[in-house]
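Each chain is listed here by its residues.
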Amino acid sequence: TRSQWKHYNAVCYFLAAFATPLVFSVHSVVSWDFAMSIVPGWHTTIFGPYFVAGAIFSGCAMVMTLVIPTRTIFRLEKYITHDHMESLAKLTLFTGLIVTYSYAVEYLVAGIGNNMFEKAMMSITDGYRLHGPYQPWVLIMIFCNCIVPLTFFIRKLRRNIGFLFVTSILINVGMWFERFNIITTSLSHEYNPYSWGLYNAPTLWDLGIMSGSFGFFSTLFLLFARTLPILAITEIKETQ
């Protein structure tokens, strides 16, 4: 009945409202684990909002990556419309601008500060992160996370399903390299020159853990799509 649909929707909205502060709390704690350290490249107060915005940013991109093939395979165009995808692209653009601002603050604050170790790591002119051996990965991160989302300012591209799919994959790649750059560059070039070193190539264990993570997530998602309704029945009824 209509009253049961409304009750079900109220429960869904409550759970969504409950999950939102959970996202903020979890990623804030993770970010402060980094920021409270004294490792160059981690010791910055921007990490709190930076990680929260980055989580929403990459989450929106991942939703597009999963929804677009599912929408096509199961023929859900009637329920997941271009308007839904455009709204998701707008949210991705908004959080992408926050991430871009966080990048700028991270580098500029280190540049104008008095911490010589932060300058050596984060300086725009000669910092290790932008001009060291990991420069290609940093540039890929900046391109995918800062430049690519700017295309969503164009309405025609926001409503192009194929373009959204490609863009979402690029954003996911950029966010993966963001985590890689944060961890690797700081740990490979810390205080003591004796401990400096390069992460030249992933080991067999690294590849196994990463591929296993992708496989585990894909398995759970496919099992979910196989056994549970992809769309809430209430939303389908409301559309009809």
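Computed from a predicted structure; not experimentally measured.

Rules used in this analysis
Residues numbered from 1 in each chain as written. Predicted model: local features only at pLDDT ≥ 70, side-chain atom pairs only at ≥ 80, totals over all residues. Heavy atoms only, no water. Helix = DSSP H or I, 4+ residues; strand = E, 2+ residues; numbered from the N terminus. Buried < 20%, exposed > 50% of the residue type's maximum accessible area, 1.4 Å probe, protein only. Contact = heavy atoms within 4.5 Å. Areas by Shrake-Rupley, 256 points an atom, 1.4 Å probe, with all protein chains shown as cover. Lys, Arg positive; Asp, Glu negative; His and termini not counted. Charge placed at Lys NZ, Arg CZ, Asp CG, Glu CD. Core = buried A, V, L, I, M, F, W, Y, C linked by side-chain atoms within 4.5 Å. Patch = residues over 30% accessible without salt bridge, like charges linked within 9 Å, V, L, I, M, F, W, Y side chains within 5 Å. Salt bridge = Lys/Arg side-chain N within 4 Å of Asp/Glu carboxyl O.

**Quick notes on the overall build of the chain**
Piece 1. Tallying secondary structure elements over the chain gives 10 helices and zero strands in all.
Piece 2. Dimensions of the chain along its principal axes, counting C-alpha atoms only, are 70 × 40 × 35 Å.
Piece 3. The buried share of the chain, taken over its 240 residues, is 35%.
Piece 4. For the chain, long-range pairs separated by at least 24 residues make up 71% of all intrachain contacts whose partners lie at least 6 apart in sequence.
Piece 5. Summed over all atoms, the accessible surface of the chain reaches about 14500 Å², with 72% contributed by carbon and sulfur.
Piece 6. Both charge centroids of the chain, one from 15 positive and one from 12 negative side chains, sit 17 Å from each other.

**Thoughts on the environment of Pro 40**
Piece 1. Secondary-structure assignment places Pro 40 in the loop between helix H1 (2-35) and helix H2 (47-73).
Piece 2. For Pro 40, a relative accessible area of 3% corresponds to the buried category.
Piece 3. Other than its neighbours up to four places away in sequence, Pro 40 contacts Phe 117, Glu 118, Met 121, Ser 186, Glu 190 and Tyr 191.

**Some words on unusual backbone geometry**
Piece 1. For Arg 75, which is not glycine, the phi dihedral falls at a positive 55°.
Piece 2. Within the secondary structure, Arg 75 sits in the loop between H2 and helix H3 (82-112).
Piece 3. When its relative accessible area of 70% is taken as the criterion, Arg 75 is described as exposed.

**Observations concerning the nonpolar core**
Piece 1. In this structure, Phe 34, Phe 47, Tyr 50, Phe 51, Tyr 103 and Ile 182 are the most contacted members of the largest nonpolar core, which totals 29 residues.
Piece 2. Setting aside its immediate chain neighbours within four residues, Phe 51 contacts His 27, Val 30, Ser 31, Phe 34, Arg 179 and Ile 182.
Piece 3. In this structure, Leu 76, Ile 80, Phe 152 and Leu 231 belong to the second largest nonpolar core, which totals 13 residues.

**Overview of a nonpolar patch on the surface**
Piece 1. A surface patch of nonpolar side chains, about 710 Å² in accessible area, is lined by Leu 97, Phe 143, Ile 147, Leu 150, Phe 153, Ile 154, Val 166 and Leu 170.
Piece 2. At the level of secondary structure, the elements contributing two or more residues to the nonpolar patch comprise helix H6 (135-147) and helix H8 (161-188).
Piece 3. Relative to the elements of secondary structure, Leu 170 occurs in helix H8.

**Looking at the environment of Thr 92**
Piece 1. Looking at the secondary structure, you find Thr 92 in helix H3.
Piece 2. Among all residues touching Thr 92, those that are not within four sequence positions of it are Phe 57, Cys 60, Ala 61, Met 64, Phe 152 and Ile 171.

**Focus on the pattern of salt bridges**
Piece 1. Summed over all chains, the structure comprises six salt bridges.
Piece 2. Among the ionic pairs, Glu 86 bridges to Arg 155, the shortest N-O distance being 3.6 Å. One end of the pair, Glu 86, is in helix H3; the other, Arg 155, is in helix H7 (residues 155-158), with 69 residues separating them in the sequence.
Piece 3. Look at Glu 86 and you get buried, because its relative accessible area is 7%.
Piece 4. Arg 155 gets classed as partly exposed once you look at its relative accessible area, which sits at 49%.
Piece 5. One continuous salt-bridge network, built from bridges that share partners, spans Asp 83, Glu 86, Arg 155, Arg 158 and Arg 159.

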